[in-house]
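Inside the fold
Okay, here's what each chain looks like letter by letter:
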Amino acid sequence: MLLLVCAIAEEIERFASQIQIVQIQQGIWQTQDKKAIIASGGVGYLAMALQLSKIGNKYGISKILFCGTAGIYPETNINWETIGLIKAKEVSLFDTATLLGHSVYAQFMDKQPIKATLDLANDVQALNVGTALSLTVNTQTAAKIAATYNVQAETMELYAVAKYAQNENIKWGALLGITNIVGENAHALWKANASKTYDLLARWFARHWSSLIV
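As a starting point, this report considers the structure included with it. (Residues numbered from 1 in each chain as written. Predicted model: local features only at pLDDT ≥ 70, side-chain atom pairs only at ≥ 80, totals over all residues. Heavy atoms only, no water.)

Here we look at the overall build of the protein
Filter applied, for reference: Under the DSSP-based scheme used, a helix requires at least four consecutive residues in state H or I and a strand at least two consecutive residues in state E, with every element numbered from the N terminus. Put simply, the radius of gyration uses C-alpha atoms, and a globule should come to 2.2 Å times the residue count raised to 0.38. In this scheme, a residue with accessible area under 20% of its type's maximum is buried, one over 50% is exposed, and one in between is partly exposed, where area comes from a 1.4 Å probe on protein chains only. Two residues form a contact once any of their heavy atoms are found within 4.5 Å. Under the convention used here, a 1.4 Å probe and the Shrake-Rupley method define accessible areas, while residue burial counts only the protein chains that appear. Only four residue types enter the charge count: Lys and Arg as positive, Asp and Glu as negative, with His and the chain ends excluded. Charge placement uses NZ in Lys and CZ in Arg. For Asp and Glu, CG and CD serve respectively.
Within the protein, the secondary structure is distributed over 6 helices and 10 strands. Here the C-alpha radius of gyration of the protein, 16 Å, is about what a compact globule of 214 residues would show, namely 17 Å. On the principal axes, the C-alpha backbone points of the protein span a range of 50 × 40 × 30 Å. Across the 214 residues of the protein, 54% fall into the buried class. Sequence-distant contacts, at least 24 apart, represent 78% of the contacts inside the protein between residues at least 6 apart. For the protein, the exposed surface amounts to about 10100 Å²; the carbon and sulfur share of it is 49%. One finds the centroid of the 17 positive side-chain charges in the protein at a distance of 6 Å from the centroid of its 16 negative side-chain charges.

In structure tokens form, the structure reads like this:
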């Protein structure tokens, strides 16, 4: 069974409204054909990890697809305004305070990226994604993150999904809509562009849903 998970319900509700789903508990729905679970996990690494722990293996999940929005790091030679949707090639976890020399890694944090294992359509570009423990709002820091960790896009939840899938030995992938460049104006740009990005996600899922739930 597919688990389609996002941070906030708005990221997937436009597509979910086109298929028949039934709420089975807070923040979790199941398609009536029982081929997929749809869940919102909350914003941030910890919230997503906690939601995934609630879902556990009780629904017989065999693959996970994360969907949501992301920002493009500066100085990556990628036009964030035109790229539209991307898929994750791999995801890395980092802490900005550590990068800047203000802290050290906690033992629970992995330093190796996790490669995506769920095959997605080739109609979107594959990029390396970083999961930040907090939103990056400084352009200089964002550029340093991209160079240090070899990442092109930032999310706040994806590493939790990848790590859960790795631990459970199930396939995972991510489809992300690009809403902004990472830096001082990230949140304002996200607010301005989120709605049209949700439409892009809905149209992609409408095209590919039958292949995802096989």
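Okay, back to it.
Brief notes about the pairing of strand E5 (residues 63-72)
The test is simple: Any two strands are treated as partners once DSSP identifies two or more bridges connecting them.
With 10 of 10 residues buried, E5 lies mostly within the body of the structure. Sheet analysis places strand E1 (residues 2-6) next to E5, joined by 4 bridges and oriented parallel. Bridging across to E5, leucine 3 finds its partner in isoleucine 64. Pairing of E5 with strand E10 (residues 171-181) involves 10 bridges; the strand directions are parallel. Within E10, the residue paired with phenylalanine 66 across the bridge is alanine 174. Taken together, the 2 bridges between E5 and strand E9 (residues 153-155) define a ladder with antiparallel strand orientation. The residue bridging glycine 71 from the neighbouring strand is glutamate 154, located in E9.

Focus: the side chain of threonine 96
In this structure, threonine 96 sits in helix H3 (residues 96-99). Not counting the four nearest positions on each side in its chain, threonine 96 is found in contact with Thr136, Thr141 and Ile145.

Concerning helix H2 (residues 45-55)
Given 3.6 residues per turn, any residue in an α-helix points the same way as the ones three and four places further on. Our working definition: This arc is taken over the directions from the axis of the helix to the C-beta atoms.
The complete set of buried residues in H2 reads Tyr45, Met48, Gln51, Leu52 and Ile55. Projected down its long axis, H2 carries its buried residues within an arc of 135°, all on one side. The exposed residues of H2 that point more than 90 degrees off its buried face are Leu46 and Lys54. Trailing H2 by a residue or two, glycine 56 shows a phi angle of about 50°, which is positive.

Examining the pattern of salt bridges
Note the threshold: The rule for a salt bridge is simple: a side-chain nitrogen of Lys or Arg has to be within 4 Å of a carboxyl oxygen of Asp or Glu.
Under the definition given, this model contains 3 salt bridges. The closest approach of N and O atoms between glutamate 90 and lysine 115, which form a salt bridge, is 2.9 Å. Taken together, the residues glutamate 90 in strand E6 (residues 85-94) and lysine 115 in strand E7 (residues 114-115) connect sequence positions 25 residues apart. Overall, the relative accessible area of 10% leaves glutamate 90 in the buried class. For arginine 207, the salt bridge is made with aspartate 123, and the minimal N-O distance between the two is 3.4 Å. Here the residue arginine 207 occupies a position in helix H6 (residues 186-212), and aspartate 123 occupies one in the loop between E7 and strand E8 (125-132), the gap between them amounting to 84 residues. The class of arginine 207 is exposed, set by a relative accessible area of 52%.

A few points about H6
Note the following rule: Under the convention used throughout, the expected extent of a helix is 1.5 Å for every residue step, that is, one less than its residue count.
With 27 residues, H6 should cover 39 Å at 1.5 Å per step; its first-to-last C-alpha distance of 31 Å lies more than 12% under that length. Among all positions in H6, only Ala186, Asn193, Ala194, Thr197, Tyr198, Leu201, Ala202, Trp204, Phe205, His208, Trp209 and Leu212 are buried.

Section: the nonpolar core
Using the following cut-off: By nonpolar core is meant a set of buried Ala, Val, Leu, Ile, Met, Phe, Trp, Tyr and Cys residues that side-chain atoms within 4.5 Å join together.
If you look at the biggest cluster of nonpolar residues, it comprises 38 residues, and the most contacted ones within it are Leu3, Ile64, Leu158 and Trp172. Each residue touching isoleucine 64, except ones within four places of it in the same chain, is listed here: Leu2, Leu3, Val5, Leu118, Val161, Tyr164, Ala165, Ile170, Lys171, Trp172 and Gly173. Ile38, Cys67, Leu118 and Phe205 belong to the second largest nonpolar core, which has 22 residues in total.

Some points on the layout of surface pockets
Heads up, the rule is: Residues are called lining when one of their atoms sits within 4 Å of a cavity or pocket point, these points coming from a 1 Å grid over the protein atoms alone, where a cavity is a set in which a 1.4 Å probe fits but cannot get out and a pocket is an open set with protein on both sides within 12 Å along at least five of seven lines. Grid points are joined across faces, edges and corners, and a volume is the space filled by probe spheres set on the points. Any residue that is not Ala, Val, Leu, Ile, Met, Phe, Trp, Tyr, Cys, Pro, Asp, Glu, Lys or Arg is counted as polar, Gly included; the first ten are nonpolar and the last four charged.
Taken as a whole, the largest pocket holds about 390 Å³ of empty space. Forming the boundary of the largest pocket are 21 residues, of which Thr69, Leu135, Met156, Glu157 and Trp190 lie nearest the centre. Residue assignment for the lining of the largest pocket shows that the elements contributing at least two residues are E5, E9, E10 and H6. When grouped by side-chain class, the residues that make up the lining of the largest pocket number 10 nonpolar, 8 polar and 3 charged.

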